[in-house]
Amino acid sequence: LSFVAFPEVPPEIMKECEAFKGTMRGPGGISWNYGEGDKFSISVVHQLPKTGDIYIFPAMLKHWVFPFRSPVTRVSVSGNIIMDQDSRLEYFKIQ
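Residues numbered from 1 in each chain as written. Predicted model: local features only at pLDDT ≥ 70, side-chain atom pairs only at ≥ 80, totals over all residues. Heavy atoms only, no water.

J.: Looking at this model, I keep getting lost on the environment of Leu-61. Mind explaining?
T.: If you trace the backbone, Leu-61 turns up in the loop between strand 4 (53-57) and strand 5 (62-65). For the pair formed by Leu-61 and Tyr-34, sequence separation is 27 residues and the distance between their alpha carbons is 6.2 Å. Ignoring sequence-local partners within four residues, the contact set of Leu-61 consists of Trp-32, Asn-33 and Tyr-34. (Helix = DSSP H or I, 4+ residues; strand = E, 2+ residues; numbered from the N terminus. Contact = heavy atoms within 4.5 Å.)

J.: Explanation requested: the sheet that holds strand 4 in the structure shown.
T.: Working definition: the strands of a sheet are paired by backbone hydrogen bonds and lie parallel or antiparallel to each other. Taken in spatial order, the three strands line up as 4-1-6 in an open sheet, and their pairing is antiparallel. Taken across any chain shown, the strands that pair with only one partner, and hence form the sheet edges, are strand 4 and strand 6 (75-80). Taking each pair of neighbouring strands and ignoring which way they run, the sheet shows an average axis angle of 10°. Here strand 1 (residues 2-8) pairs with strand 6 via five bridges, running antiparallel. By the bridge assignment for strand 6, Glu-8 is matched with Val-75. (Pairing = 2+ DSSP bridges. Axes fitted to C-alpha atoms, helices over the stretch in contact; angles between N-to-C directions.)

In structure tokens, the structure reads:
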């Protein structure tokens, strides 16, 4: 599993995203993409993180964040979680 937590999202980013005129999530957003983007199905999900949000998702899921121009700092913490001893040993190839 992978995760990303947003302990602090400045309000300036929210305002910048609200003013965005486009078809994607916009500045400061996060997106996940599954599959090859078939035009007959929904294969992408967009969110605008708020302070305190935590997202947990499969590590293989393609994901990215959109840049923002506001002169602020957004803090995020991300990582990967290996759930059990056997998969950890396999992952690191430890015998």
